[in-house]
Amino acid sequence: MLSIIEQIKQGKLWDFHGGIHPAENKDLSNKSPIVNAGIPQELVLPLKQHIGSKGDIIVAVGDKVQKGQPLTQGDIAMCVPVHAPTSGTITAIEQRTTAHPSGLSDLCIVIVPDQQDTWCDKTTYADYEDRDPAELIDAIRLNGIAGLGGAGFPTARKLQGGLGNVDILIINAAECEPYITADDRLMRDYAEEVIEGVRILRHIISPKLTIIGIEDNKPEAIQALEQHVKEDDNILIRVVPTKYPSGSSKQLVKILTGREVPSQSRSTSVGVIMQNVGTAFAIKRAIIDGEPLIERVVTLTGEAFKERGNVFAMLGTPIAYLLDKFGYKADKKHPRVIIGGSLMGFTLPHSNVPITKMTNCILAPKRKELPLHTYEMACIRCSACADVCPSSLLPQQLQWYAKDQNYEKCEEYNLQDCIECGACAYVCPSEIPLVQYYRQAKAEIWARSQDEINAERARQRFEAKQARMDRDKAERENRFKKAAETRREEMAKTGGDDAVAAAIARVKAKQAAAQNEKPEVKPAVAAAIAAAKAKQAASAQGATSETLPDNSEMAKLREERKRQARERKAEKEAGESTASASSNDSKKDAVAAAIARAKAKKAQQASEQKAPVADSVVENAEVDPKKAAIAAAVARAKAKKEAQQAQSESESTSEPVAETEAVDPKKAAVAAAVARAKARKAAQQAEAQSEVTPEPAAVDPKKAAVAAAVARAKARKAAQQAEAQSEVTSEPAAETEAVDPKKAAVAAAVARAKARKAAQQAEAQSETTPEPVAETEAVDPKKAAVAAAVARAKARKAAQQAQAQSETTPEPVAETEAVDPKKAAVAAAVARAKARKAAQQAEAQSETTPEPVAETEAVDPKKAAVAAAVARAKARKAAQQAAKEQQNIEED
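Residues numbered from 1 in each chain as written. Predicted model: local features only at pLDDT ≥ 70, side-chain atom pairs only at ≥ 80, totals over all residues. Heavy atoms only, no water.

Draft legend 1. Quick look at the overall build of the protein chain. Looking only at helices and strands, the protein chain features 28 helices and 16 strands. Expressed as a percentage of the 892 residues in the protein chain, the buried residues total 44%. The long-range share in the protein chain, meaning contacts at least 24 apart out of those at least 6 apart in sequence, stands at 76%. (Helix = DSSP H or I, 4+ residues; strand = E, 2+ residues; numbered from the N terminus. Buried < 20%, exposed > 50% of the residue type's maximum accessible area, 1.4 Å probe, protein only. Contact = heavy atoms within 4.5 Å.)

Here it is, written out as structure tokens:
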């Protein structure tokens, strides 16, 4: 069986899966020879014009550079330096838009040419056959040569990977993509230099066979190459059928050798290395002429160009400069400028994009020449894309996964094997831009892989740091341990002991001794502590006994209140039942009401008699003043409670009486007059008792003064309550007397006369009462002043209550008597009498209260006079307010 090389020499060719035959359109630009594009006004050189990493910038803004001078440098094989295409000045190092499908910007060096085109020093290798291949590979790298077929892979790195591993060298001259004719014209015009570059590659790699693969649509180039190939060069020129994409690396290897490159592998894995025709030409210029890669052949084609052809354009030349120089006329509706061919190229965002090492064509088509893509439609699963795929992939599946961003599935379906030839999109009836989906998915997968690589690198660095720290820690511990052992040995030799160990032992011994020792307590100290505790307990007990009062009396008082509340509830229920039954027998109801009122007055008198007794008990309690004060407060509270109960009983009793007396108005009027007389008599008796009670308080004049003031306040309050009861009782009487107005007028006049007489008696009593108080209070003026202040406060409260009663009482009378004018007159007279009585009471209280204050404040007569004047002014003001309110009521 013949070997692969023998079969190739016999002219055997193979084929690859799929492929298409689009319109070539190469005649637009391959008719004229290559020309020089000239020097533009500005050159923009991206730092990265290849696959790999950027170089380090070795120039600065403002530096003057010469043609061929390196601008960047790098020490790794995947880093390709950038050189100055011409002499000039560096004006900026900044971000500019680069020739990439994404349209993103990158760091660029901007040079303004000086139009001198001055070369720097060159390094040539004319005797390359005598040079070591490694030296030549390094020279190729330093001259910045990368693959000019479109991929941009660093040539030096590819040659290093093929040393000793390949037996076939293939020169790719197929140039299968439509519109592009750069390699075709280069082989026609510079065939000798191309063949010389192939010889340099043969010298470096030393393959068994060298093949130049070229399509059959380039007869002139084939003829030019055959003229410069010698018999001892061992170079075969193989013409292959025209089919797109036969110029791809894997596909051309399959056509010429029959070997299939594995997935995600390079051609060197099957013993084949491939270089482009333009790369061979650049290698010849770099090794023999000493010229770095600073320019390349670019095809200018498309109907929008007036002058179409191929030019030598300096790297960094703006595309706008070429468009202007070669007569570009943009389409009116859809102007487009494409870098690359019609199938693998991409549209530029704008024309200020520089020429790079991978730019082989500028296509400016018109709308009719290259129709725009219409709207994308849904896939119809026709499998046309899978039939033409040269990599035997499933484009429709890849498009679905890429669109869904399911990148794991994309990798599972070998997306990385896609060469982005565009054959699938060319035949798609739904006009789906499949290549765009693949490019986007590849970029995302690459970004994720870079993140994973960076994370792994960071993890490795962290683990290395931790290992180093652990190693340093172990070394320190070992050093300390060795130092301690050495110290012990030296101490043992000198007969001493380890000082550190001895100190630690002493500290531990002291701590153990301190824990075992029990504190000794001296007898004197123990006795002092016991005495202090006993004093503290005694003081706490004494404070408790002093501060905590005897609450037994208060508990009894609460029980008494509960009992009285129950009795009131029962009486109220009985009163209601009595009111319901009173309609049958009015005389019996009236008698029962009179009896109830008599009982209430009797209970009130009894409670008032208990109050002075409680005060005398407080005064006589000289044994314990605190307990006496508490007992007096309890007694006063009881007296007030009984007075209120009696008052509430009399009020509750008077209501049903008023209702029942409606049958006989004459009897009701008589009963009301009797009730008023009894109320006044009870008030006079209460005042007389309050006057007589303070006399036995001569034992302690201070306490006697306080008790007298309290008694006067209680007497006034009882009198006011009695008058209020009599007024409430008189109201229903006034209502019932509406039958005879004359009798009602007589009764009102009698009531007014009695009210005036009661007021005069109260004034006379209040004038005579303060004298003993003044005599007793002369002992301590400060306490007397306090008692006077208390009396003034109570007087103000009584005046306010009188005003409130005068305001609230006439309203219901006025409302109810609106029906009969006679009743209204009677009610007005009653109201005026009540107002005068309240005013007289307020004046009497204000006159009687300040007198003892003035007498007790004998220490400072000026203050006493001021206080008396203030009290009188307040009393007059209260009387005036009551009179004004009464006038308002009468006018209404």
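Moving on, there is more to tell.
Draft legend 2. Representation of the packing of helix H11 (residues 395-403) against helix H14 (residues 434-493). Running from N to C, H11 and H14 cross one another at 55 degrees; their axes reach a closest spacing of 9 Å. What the angle tells us is that H11 and H14 run oblique. In this structure, H11 meets H14 at a crossing whose hand is left-handed. In this structure, H11 uses Pro-395, Gln-396, Leu-398, Gln-399, Ala-402 and Lys-403 to contact H14, whose residues at the interface are Leu-434, Tyr-437, Tyr-438 and Ala-441. Here the residues of the contact of H11 with H14 sort into 7 nonpolar, 2 polar and 1 charged. (Axes fitted to C-alpha atoms, helices over the stretch in contact; angles between N-to-C directions. Parallel < 35°, antiparallel > 145°, perpendicular 65-115°, else oblique. Left-handed = near helix turned anticlockwise from the far one by under 90°. Nonpolar A, V, L, I, M, F, W, Y, C, P; charged D, E, K, R; others polar.)

Draft legend 3. Here's a closer look at the packing of aromatic side chains. With the rule as written, the count across this model stands at 5 aromatic pairs. Of the aromatic side chains, those joined through ring pairs into one cluster are Tyr-190, Phe-281 and Phe-312. Its end group placed over the ring of Phe-16, Lys-243 keeps NZ or CZ at 4.1 Å from the ring centre. (Phe/Tyr/Trp six-rings, centres within 6.5 Å; stacked < 30°, edge-to-face > 60°. Lys NZ or Arg CZ within 6 Å of the ring centre and 35° of its normal.)

Draft legend 4. Region of the structure containing the pattern of salt bridges. Under the criterion given, the structure shown has 32 salt bridges. Among the salt bridges present, the one from Lys-254 reaches Glu-260, with a minimum N-O distance of 3.8 Å. The exposed category is assigned to Glu-260, whose relative accessible area is 60%. Here the salt bridges share partners, and the residues they tie into one network are Lys-122, Glu-193, Lys-284, Arg-285, Asp-289, Glu-291 and Glu-295. (Salt bridge = Lys/Arg side-chain N within 4 Å of Asp/Glu carboxyl O.)

Draft legend 5. Structural view of the pairing of strand E12 (residues 295-301). Burial within E12 is extensive, with 6 of its 7 residues counted as buried. In the sheet, E12 pairs with strand E13 (residues 309-314) via 6 bridges, with the strands oriented antiparallel. Bridge pairing links Glu-295 to Met-314 in E13. Pairing of E12 with strand E16 (residues 361-363) involves 3 bridges; the strand directions are parallel. By the bridge assignment, Thr-299 is partnered in E16 with Cys-361. (Pairing = 2+ DSSP bridges.)

Draft legend 6. Representation of the nonpolar core within the structure. Counting 58 residues, the largest nonpolar core has Leu-71, Ile-111, Leu-159, Ile-204, Ile-212, Leu-225 and Ile-287 as its most contacted members. Among the elements that take part in this core, helix H5 (residues 191-205) stands out by supplying 8 residues, more than any other. Apart from residues lying up to four places away in sequence, Ile-212 is in contact with Ile-171, Ala-173, Ile-195, Leu-225, Ile-235, Leu-236, Ile-237 and Arg-238. Residues Ala-37, Ala-99, Leu-322 and Phe-326 belong to the second largest nonpolar core, which totals 20 residues. (Core = buried A, V, L, I, M, F, W, Y, C linked by side-chain atoms within 4.5 Å.)

Draft legend 7. Examining the sheet that holds strand E8 (residues 168-172) more closely. Ordered in space as E10-E9-E8-E11, the 4 strands form an open sheet in which the pairing is parallel. The sheet is open, and its two borders are formed by strand E10 (235-240) and strand E11 (272-276), each paired with just one other strand. Strand-to-strand twist across the sheet, computed as the mean angle between neighbouring axes with direction ignored, equals 25 degrees.

Draft legend 8. Looking closely at helix H4 (residues 182-189). With 6 of 8 residues buried, H4 lies mostly within the body of the structure. Every buried residue of H4 is accounted for by Ala-182, Asp-183, Asp-184, Arg-185, Leu-186 and Met-187.

Draft legend 9. Layout of the state of the cysteines. Counted according to the given criterion, the structure contains 0 disulfides. Unpaired in terms of disulfides, Cys-385 finds its nearest cysteine sulfur in Cys-382, a separation of 6.1 Å. Judged by relative accessible area, which is 10%, Cys-385 ranks as buried. Here Cys-421 is not disulfide-linked; the sulfur of Cys-424 is the nearest cysteine sulfur, at 6.2 Å. (Disulfide = S-S within 2.5 Å.)

Draft legend 10. A look at a negative patch on the surface. A cluster of acidic residues, Glu-408, Glu-411, Asp-451 and Glu-452, forms a negative patch at the surface. When residues of the negative patch are traced back to their parent elements, those giving at least two are helix H12 (407-412) and H14. Inspection of the secondary structure puts Glu-411 in helix H12. (Patch = residues over 30% accessible without salt bridge, like charges linked within 9 Å, V, L, I, M, F, W, Y side chains within 5 Å. Areas by Shrake-Rupley, 256 points an atom, 1.4 Å probe, with all protein chains shown as cover. Lys, Arg positive; Asp, Glu negative; His and termini not counted. Charge placed at Lys NZ, Arg CZ, Asp CG, Glu CD.)

Draft legend 11. How the structure looks around the pairing of E13. Of all 6 residues that make up E13, 6 are buried, and the element is covered over most of its length. The two faces of E13 match: Gly-309, Val-311 and Ala-313 on one face and Asn-310, Phe-312 and Met-314 on the other face are all buried. Taken together, the 2 bridges between strand E1 (residues 35-36) and E13 define a ladder with parallel strand orientation. Counterpart to Asn-36 in the pairing with E13 is Phe-312.

Draft legend 12. Broad picture of the packing of H4 against helix H8 (residues 277-287). Contact geometry for H4 and H8: axes closest at 9 Å, N-to-C directions at 45 degrees. One element, H4, and the other, H8, form an angle in the oblique class. Crossing hand, H4 versus H8: left-handed. The segment H4 lies against H8, with Asp-183, Leu-186 and Met-187 engaging Val-277, Gly-278 and Phe-281. The residue makeup of the contact of H4 with H8, split by class, is 4 nonpolar, 1 polar and 1 charged.

Draft legend 13. Region of the structure containing the side chain of Lys-26. With respect to the secondary-structure elements, Lys-26 resides in the loop between helix H1 (4-9) and E1. Although Lys-26 is buried, it makes no salt bridge; Glu-175 carries the closest opposite charge, 4.8 Å away.

Draft legend 14. Up close: the side chain of Arg-285. Examined against the element boundaries, Arg-285 turns out to sit in helix H8. Overall, Arg-285 belongs to the buried group, its relative accessible area being 17%. The residues contacting Arg-285, other than those within four sequence positions of it, are Tyr-190, Glu-193, Gly-290, Glu-291 and Glu-295.

Draft legend 15. Examining unusual backbone geometry more closely. Backbone torsion omega between Tyr-244 and Pro-245 reads 5 degrees, so that peptide bond is classified as cis. Its location among the elements puts Pro-245 in the loop between E10 and helix H7 (249-257). Its identity is not glycine, yet Ser-206 carries a phi of approximately 60 degrees, on the positive side. Relative to the helices and strands, Ser-206 is located in the loop between H5 and strand E9 (209-215). A positive phi angle is found at Ser-383, which is not glycine, with a value near 70 degrees. Inspection of the secondary structure assignment puts Ser-383 in the loop between E16 and helix H10 (384-388).

Draft legend 16. Here's a closer look at H8. Counting buried residues along H8, 11 of its 11 residues qualify, which places the element largely inside the surrounding structure. For H8, every residue scored as buried is listed here: Val-277, Gly-278, Thr-279, Ala-280, Phe-281, Ala-282, Ile-283, Lys-284, Arg-285, Ala-286 and Ile-287. The N-cap of H8, judged by a side-chain oxygen 2.7 Å from the amide nitrogen of Gly-278 a few residues on, is Asn-276. (Polar contact = N/O pair within 3.5 Å; in protein donor to acceptor, adjacent residues only side chain to side chain.)

Draft legend 17. Structural view of the sheet that holds strand E6 (residues 88-97). What the 4 strands build is an open sheet, ordered E2-E7-E6-E4; its pairing is antiparallel. Each edge of the sheet is formed by a strand with only one pairing partner; in this case those strands are strand E2 (43-46) and strand E4 (64-65). In this sheet, strand E7 (residues 105-113) lies alongside E6 in antiparallel orientation, the contact comprising 9 bridges. For Gln-95, the partnering residue across the bridge sits in E7 and is Leu-107.

Remember, this is a structural readout, not a statement about activity or role.
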